[in-house]
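Per-entry structural report
So you can see what is in the structure, the chains are spelled out below.
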There are 2 protein chains.
Amino acid sequence: MLPPMTVQNMFAGDPLDRAAALRRDDDWVRAQMAAPTTRFLILRDMLIPVTGENPLSLVWGTRDDVPEASEFVLLGLEEGEARFAVAADATPGHEGYADLRMIASQLPADAAATASYARALLSWHVNAQFCPRCGGPTVLRAAGGSRRCQQCEASHHPRIEPVVIMLVTNGTRCLLGSRTAGPEGRYSTLAGFLEPGETIEEAVRREVWEESGVVVGDVRYHSSQPWPFPSNLMIGCMAEALTTDAEADGDELADARWFTRAEVRPILGQPQGAFPIFLPPPTAIAHQLIKTWLDAGD
Amino acid sequence: MLPPMTVQNMFAGDPLDRAAALRRDDDWVRAQMAAPTTRFLILRDMLIPVTGENPLSLVWGTRDDVPEASEFVLLGLEEGEARFAVAADATPGHEGYADLRMIASQLPADAAATASYARALLSWHVNAQFCPRCGGPTVLRAAGGSRRCQQCEASHHPRIEPVVIMLVTNGTRCLLGSRTAGPEGRYSTLAGFLEPGETIEEAVRREVWEESGVVVGDVRYHSSQPWPFPSNLMIGCMAEALTTDAEADGDELADARWFTRAEVRPILGQPQGAFPIFLPPPTAIAHQLIKTWLDAGD
């Protein structure tokens, strides 16, 4: 048996009880929507309501704050009290609302995780108003756990896109890439969407080969992270290179280069601008993969 | 660093080169569709064309076999020759066509994997003819790597549903469940769909708790499996129970019970009917999880 990993990545650790059995009971859900202790997280244009500083807090509204004709999505129960999320239109200036990607590290870990769940689930509802099978309109069911087509009656469940993200290593060096779409000097682990018909390990090998021409042998799972932009599951792995000629594909990656621990150690955790290159912040699973490799030592 | 797992699950090991860069080049794709060496796997009502026995083989057609107005989905290249998949309507009697779930273990492993990829990808295309965002009609792009909405121009990618499947153990015993929807006497590992906003480990703990009331601590990744019914990614884990009172939820599970290795060993791999209970066949990742635990010994 392998020892378990103990990393807690950002956006993990949502403390709410998702109440899977209760949320299918429409009467119970309606009672929760009307209960005086129930609170509502109202996202506007997918921005998160926050207040305070160091740390920030989420702003939970009451039923009176929810715009009419909104869809109510149950996040879960906090000590028996219901918590819903609602997607609303943007307000001018976005006063009091923030991009979760920008402010996640300023929230307590459990609040960041709850906001992440709300954003992922609401994004799906907003983009699943029609049935992909027949084009008919869909309606929310099970307090947001699914949607049903009013035309062909197909059920649809929240979509999650699995992404493999891997630190490729070869003895004392690791492979980092700079994306064509990213800012200059930003290097990170390679990553890509898993495709139908492949395992996690096969997706890791294919993506590394496509992006850098490096052949990967052994792949080891490290940890995972929900990434709500809009709703990815980041599957973090360590991957052992069998070849070392690395050439960026020029399409996804602009550069792919091997780094020693001595080169990476002073840079990891430093802000953009401190060095000619910069690496992902601790909120990213890529950071945790690199840190695990640094900590293992030569 | 953890040692990698070496299990090769059924439906893993598709040998085709997916040619990610080339499949976005429409001229190249059209040339492949017309090339005399190109072959086509024509599924009818999602059944797979097979021939022979012990082992079965896939039946690859030529361009002339493809019904008019079909969509062509590139599976990849086999020694430089293109292989496409096509979804067609059922023929009366299904002569020469089989349900992949029933015949997978009679195919060579690489053919089963290719058929699995074809079935998963075609299922998605058949069920993604409309845009879930606006309801407009979609068209195939990138030789089947994506679809685009003709109304709002949104891009859509093949859907994969991640499922956690875990063997829960407590010292010398493992927890197996019998599903309300399954045949009498069939026991297997617990499993369920991963939800937005959770890690793999959190999904394992939530599912086990919901279905059996058992609290799980450590979770260790074992291996993964593409499961093309219609397009799941099975994420296999070993999970350590912190509590032992197991009670089936009565909804998904009819029974949840602890078994010793001495009880499981004679039953694993035996067909339905040989014992009062039967376990998943070697084609299922659940079988591999149980086998790993048996092999580890008390």
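Throughout what follows, the structure given in this document is the object of discussion.

Calculation rules
Residues numbered from 1 in each chain as written. Chains lettered and ligands numbered in written order. Predicted model: local features only at pLDDT ≥ 70, side-chain atom pairs only at ≥ 80, totals over all residues. Heavy atoms only, no water. Contact = heavy atoms within 4.5 Å. Buried area = accessible area lost by both parts, 1.4 Å probe. Salt bridge = Lys/Arg side-chain N within 4 Å of Asp/Glu carboxyl O. Polar contact = N/O pair within 3.5 Å; in protein donor to acceptor, adjacent residues only side chain to side chain. Helix = DSSP H or I, 4+ residues; strand = E, 2+ residues; numbered from the N terminus. Nonpolar A, V, L, I, M, F, W, Y, C, P; charged D, E, K, R; others polar. Buried < 20%, exposed > 50% of the residue type's maximum accessible area, 1.4 Å probe, protein only. Pairing = 2+ DSSP bridges. Axes fitted to C-alpha atoms, helices over the stretch in contact; angles between N-to-C directions. Arc of directions from axis to C-beta.

1. Here we look at the interface of chain A and chain B
Every contact between the two is made by 56 residues of chain A and, on the other side, 56 residues of chain B. Taken over both partners, the interface formed by chain A and chain B buries close to 4,800 Å², and the fraction arising from carbon and sulfur atoms is 61%. At the junction of chain A and chain B, the tally comes to six salt bridges. Linking E195(A) and R18(B) is a salt bridge whose minimum nitrogen-to-oxygen distance equals 2.8 Å. Counting every contact that joins chain A to chain B gives 26 residue pairs in polar contact (both at pLDDT 80 or more). Those elements giving two or more residues to the side of chain A that touches chain B turn out to be α3 (109-126), α4 (200-212), β13 (216-227) and β14 (232-241) of chain A. Counting residues per element, the side of chain A that touches chain B draws most heavily on β13(A), which supplies eight residues. Each residue belonging to the side of chain A that touches chain B can be placed in one class, and the counts come to 29 nonpolar, 12 polar and 15 charged.

2. Considerations on the side chain of R83(B)
Residues and elements named next belong to chain B. Tracing the backbone through its elements, the reader meets R83 in strand β5 (residues 81-88). Residue R83 is classed as buried on the basis of its relative accessible area of 7%. Of note is the side chain of R83, whose polar atom sits 3.2 Å from the backbone oxygen of T37. Filtering out sequence-adjacent residues up to four positions away, R83 remains in contact with L16, T37, T38, R39, W60, V73, L74, L75, G76 and E78.

3. Let's talk about the sheet that holds strand β1 (residues 39-44) of chain B
In a beta sheet, neighbouring strands pair by backbone hydrogen bonds and run either parallel or antiparallel. Residue and element names in this part refer to chain B. Ordered by their spatial adjacency, three strands build an open sheet running β1-β5-β4, and the pairing between neighbours is mixed. This sheet does not close on itself; its edge strands, each paired only once, are β1 and β4 (73-78). Strand-to-strand twist in this sheet, taken as the mean axis angle between neighbours without regard to direction, amounts to 25°. Pairing geometry for β4 and β5, over five bridges, is antiparallel. Its bridge partner being in β5, E78 is matched across the sheet by E81. Across the sheet, helix α1 (residues 26-34) lies against β1, β4 and β5, angled at about 85° from β5, the strand it touches most. Along the sheet, helix α3 (residues 109-126) makes contact with β1, β4 and β5, crossing β4 at roughly 160°.

4. Re the pairing of strand β4 (residues 73-78) of chain A
One face of the sheet, then the other: side chains in a regular strand alternate in exactly this way. Counted residue by residue, β4(A) has five buried out of six residues, so it is predominantly covered. Hairpin connection between β4(A) and strand β5 (residues 81-88) of chain A: a loop of two residues separates the two successive antiparallel strands, and E79(A) in this loop has a positive phi of roughly 50°.

5. Let's talk about α1(B)
All names here are of chain B. All buried positions along α1 are accounted for by W28, V29, Q32 and M33. End-on, the buried residues of α1 take up no more than an arc of 140°, which puts them together on one face. Structural note: α1 exposes D27, R30 and A34 on the side pointing more than 90 degrees away from its buried face. Residues of α1 that are buried make contact with β1, β4 and β5. The backbone nitrogen of D27 has a side-chain oxygen 3.1 Å away, supplied by the residue at the start of α1, namely D25.

6. Some details on unusual backbone geometry
Between N54(A) and P55(A) the backbone carries a cis peptide bond, its omega angle lying at 0°. A positive phi is found at N54(A), a non-glycine position, where the angle reads about 45°. With respect to the element layout, N54(A) can be found in the loop between β2 (48-51) and β3 (57-58). For F11(B), which is not glycine, the phi dihedral falls at a positive 80°.

7. Some remarks on the environment of V50(B)
All names here are of chain B. Assignment of secondary structure puts V50 in strand β2 (residues 48-51). Taking C-alpha positions, V50 is 6.9 Å from A98, a pair spaced 48 residues apart along the chain. Among all residues touching V50, those that are not within four sequence positions of it are L56, S57, L58, V59, G96, A98, I103 and L107.

8. Notes on the sheet that holds β5(A)
All names here are of chain A. Strand order across the open sheet formed by three strands is β1-β5-β4, with mixed pairing between neighbours. The open sheet has two edge strands, β1 (39-44) and β4, and neither has a second partner. Across this sheet, the average inter-strand angle for adjacent strands is 25°, counted without regard to direction. Direction of pairing for β1 relative to β5: parallel, over a ladder of six bridges. Among the inter-strand pairings, R39 is bridged to a residue of β5, identified as R83. Strands β1, β4 and β5 of the sheet are contacted by helix α1 (residues 26-34), whose axis makes an angle of about 85° with β5. Its contacts with the sheet put α3 on β1, β4 and β5, and the angle it makes with β4 is roughly 160°.

Nothing here speaks to function; it is geometry throughout.
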